[in-house]
Amino acid sequence: MTTFPELRTAVVTGTGSERGIGRHVARRLAREGWALAVLDLNAEAVLSFADELSAESERPVLGVAADVADPASVEAAFSRIDAVLPPVLAQINLAGIASPHSFFELTKEIWSEVIDVNATGSLLMMQAAARRMIDGGWGGRIVNTSSITAYDGGGTFSKAGYAAAKAAVLGLTRAAARELGPHGITCNAIVPGPIDTDIMGGPLSDERRASISGDIPAGRVGHPSEVAALVSFLVGEEAGFINGGSYFIDGGKHMV
Ligand code: NAD
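Structural notes, computed from the coordinates. These numbers were taken from a predicted model, which means no experiment stands behind them.

1. Regarding helix α8 (residues 224-234)
Turning to step 1, where the next piece is worked out: When we look at burial in α8, the residues that qualify are Pro-224, Val-227, Ala-228, Leu-230, Val-231, Ser-232 and Leu-234.
Turning to step 2, where the next piece is worked out: Next to the buried residues of α8 lie α1 (21-31), β4 (88-93), β5 (140-145), β6 (185-192) and β7 (246-249).

Structural data, given as structure tokens:
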């Protein structure tokens, strides 16, 4: 079993949104002893979250404003991380955008944007993190975020472009798992169903919540803290033999 160094960093993207999954993941990993780099496109939100988390945590926390879809921005983000934080051993890619456009509404611009943020953004963050994990010699953990939409084609809050982008994340995760496995780096994908965040256009109305819950065997939408628990397991020392997998966290929606 891998032994991680006492001081190690997890990079978590998509931590700008107040009710989003990213903040729950970052808070949980901070409690579990990770130093944190929290990253988001929304500079103001992520920097104030980093201040909050820093006050709660015994480990260093760095807030980084960056665009995951822009190679120069990703490199600049990692230069800052390298300068002040312990070695990066976990990369968690949660930054994402939805796309409500149906098949015939998809223009090349909309398609490119949704693929860029969800898929290319994951690739760029993975490459930057994995280079450091290899150089550090500790191995590492990468967790990408797909969606139930990659399997069922969507409909709840996102459609064709998002489904394609989240399916790309699955293939990318498996390919990276093969190539990075020999370096002691695991790559896995989480596959959430409807989770109670603002990605569906703000807080759910009671009516919408009831309608979405009706399609879920568990009879409810998920809470972001439940996703954080799965991520925490996948980045842990004990998860070193879990590689190239994709894990539904959807109350059983994938069976319906
Ligand atoms: P959210 O909208 O609350 O958070 C997404 C975050 O990503 C935001 O803070 C946003 O500013 C950030 N972001 C967007 N574009 C970015 C960019 N180019 N660079 C850096 N940051 C950027 O969403 P969430 O519900 O917390 O979703 C987190 C992840 O989980 C996303 O990848 C989403 O697609 C996926 N997911 C969510 C659900 C759900 O029901 N909430 C279901 C399946 C998958």
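2. Observations regarding the site of the ligand
Turning to step 1, where the next piece is worked out: Around the ligand, a shell composed of 28 residues is seen, among which Ser-17, Ile-21, Asp-40, Tyr-162 and Thr-197 lie nearest.
Turning to step 2, where the next piece is worked out: Here a nitrogen atom of the ligand sits 3.1 Å away from a polar atom, N or O, in the main chain of Val-68.
Turning to step 3, where the next piece is worked out: The separation between an oxygen atom of the ligand and a polar main-chain atom of Leu-94 is 3.0 Å.
Turning to step 4, where the next piece is worked out: Protein coverage of the free-state accessible area of the ligand, which is 830 Å², stands at 93%.
Turning to step 5, where the next piece is worked out: Taken atom by atom, the bulk of the ligand overlaps the largest pocket.
Turning to step 6, where the next piece is worked out: A breakdown of the residues in the shell around the ligand according to their chemical character gives 15 nonpolar, ten polar and three charged.

3. Topic: the nonpolar core
Turning to step 1, where the next piece is worked out: Of all hydrophobic cores here, the largest spans 30 residues; its most connected members are Val-25, Leu-29, Trp-34, Leu-36, Val-38 and Ile-92.
Turning to step 2, where the next piece is worked out: With near-sequence residues (within four places) excluded, Leu-36 lies in contact with Thr-9, Ala-10, Val-12, Ala-26, Leu-29, Ala-30, Leu-53, Pro-60, Val-61, Leu-62 and Leu-85.
Turning to step 3, where the next piece is worked out: Membership of the second largest hydrophobic core comes to 28 residues, among which are Leu-62, Val-88, Val-117 and Met-126.

4. Section: helix α6 (residues 160-180)
Turning to step 1, where the next piece is worked out: Taking 1.5 Å of rise per residue, 21 residues should cover 30 Å, and α6 covers 30 Å from first to last C-alpha, within 8% of that figure.
Turning to step 2, where the next piece is worked out: Those residues of α6 not exposed but buried are Gly-161, Tyr-162, Ala-163, Ala-165, Lys-166, Val-169, Leu-170, Thr-173, Ala-176, Ala-177 and Leu-180.
Turning to step 3, where the next piece is worked out: Packed against the buried residues of α6 are α4 (108-136), β5, α5 (149-152), β6 and β7.

5. Notes on the environment of Val-256
Turning to step 1, where the next piece is worked out: In this structure, Val-256 sits in the segment after β7.
Turning to step 2, where the next piece is worked out: As a C-alpha pair, Val-256 and Ala-218 span 38 residues in sequence and 11 Å in three-dimensional space.
Turning to step 3, where the next piece is worked out: Setting aside chain neighbours within four positions, we find Val-256 in contact with Asp-215 and Pro-217.

6. Remarks on the packing of α1 against α8
Turning to step 1, where the next piece is worked out: Contact geometry for α1 and α8: axes closest at 8 Å, N-to-C directions at 50 degrees. Taken together, the axes of α1 and α8 lie oblique to each other. The element α1 and its partner α8 pack so that their crossing is right-handed. Listed contacts from α8 to Ile-21, His-24, Val-25, Arg-28 and Leu-29 of α1 are Pro-224, Ser-225, Val-227, Ala-228, Ala-229, Val-231 and Ser-232.
Turning to step 2, where the next piece is worked out: Broken down by class, the residue content of the contact of α1 with α8 amounts to eight nonpolar, three polar and one charged.

7. Quick notes on the packing of aromatic side chains
Turning to step 1, where the next piece is worked out: On inspection of all chains with the given rule, the structure shows three aromatic pairs.
Turning to step 2, where the next piece is worked out: Above the face of the Trp-34 ring, Arg-8 is positioned so that its terminal group lies 4.4 Å from the ring centre.

8. Focus: the side chain of Arg-132
Turning to step 1, where the next piece is worked out: Tracing the backbone shows Arg-132 in helix α4.
Turning to step 2, where the next piece is worked out: Polar side-chain contacts of Arg-132 include one of 2.9 Å to the side chain of Asp-82.
Turning to step 3, where the next piece is worked out: Residues in contact with Arg-132, not counting those within four places in the same chain, are Glu-75, Phe-78, Ser-79 and Asp-82.

9. A closer look at the environment of Leu-47
Turning to step 1, where the next piece is worked out: Residue placement: Leu-47 occurs in helix α2 (residues 43-56).
Turning to step 2, where the next piece is worked out: Along the backbone, Leu-47 and Met-126 are 79 residues apart, and their C-alpha atoms lie at a distance of 22 Å.
Turning to step 3, where the next piece is worked out: Apart from residues no more than four positions distant in its own chain, Leu-47 is found in contact with Gly-63 and Val-64.

10. What about the sheet that holds β5?
Turning to step 1, where the next piece is worked out: Ordered in space as β3-β2-β1-β4-β5-β6-β7, the seven strands form an open sheet in which the pairing is parallel. Edge positions in the sheet fall to β3 (61-65) and β7, since each has one partner strand and no second. Strand after strand, the sheet turns through a mean of 20 degrees between neighbouring axes, direction not considered.
Turning to step 2, where the next piece is worked out: Note that β6 and β7 share four bridges and pair parallel. Bridge pairing in β7 links Ile-190 to Tyr-247.
Turning to step 3, where the next piece is worked out: Lying over the sheet, α4 contacts β1 (9-13), β2 (35-40), β4, β5 and β6, oriented at roughly 170 degrees with respect to β4.
Turning to step 4, where the next piece is worked out: Its contacts with the sheet place α6 against β5, β6 and β7, and it is angled at close to 160 degrees to β6.

About the cut-offs
- Residues numbered from 1 in each chain as written.
- Predicted model: local features only at pLDDT ≥ 70, side-chain atom pairs only at ≥ 80, totals over all residues.
- Heavy atoms only, no water.
- Buried < 20%, exposed > 50% of the residue type's maximum accessible area, 1.4 Å probe, protein only.
- Helix = DSSP H or I, 4+ residues; strand = E, 2+ residues; numbered from the N terminus.
- Contact = heavy atoms within 4.5 Å.
- Near = heavy atom within 4 Å.
- Polar contact = N/O pair within 3.5 Å; in protein donor to acceptor, adjacent residues only side chain to side chain.
- Areas by Shrake-Rupley, 256 points an atom, 1.4 Å probe, with all protein chains shown as cover.
- 1 Å grid on protein atoms, 1.4 Å probe; cavity = no way out; pocket = protein on both sides within 12 Å on 5 of 7 lines; lining within 4 Å.
- Sits in = over half its atoms within 2 Å of the grid points.
- Nonpolar A, V, L, I, M, F, W, Y, C, P; charged D, E, K, R; others polar.
- Core = buried A, V, L, I, M, F, W, Y, C linked by side-chain atoms within 4.5 Å.
- Expected span 1.5 Å × (residues − 1).
- Axes fitted to C-alpha atoms, helices over the stretch in contact; angles between N-to-C directions.
- Parallel < 35°, antiparallel > 145°, perpendicular 65-115°, else oblique.
- Left-handed = near helix turned anticlockwise from the far one by under 90°.
- Phe/Tyr/Trp six-rings, centres within 6.5 Å; stacked < 30°, edge-to-face > 60°.
- Lys NZ or Arg CZ within 6 Å of the ring centre and 35° of its normal.
- Pairing = 2+ DSSP bridges.

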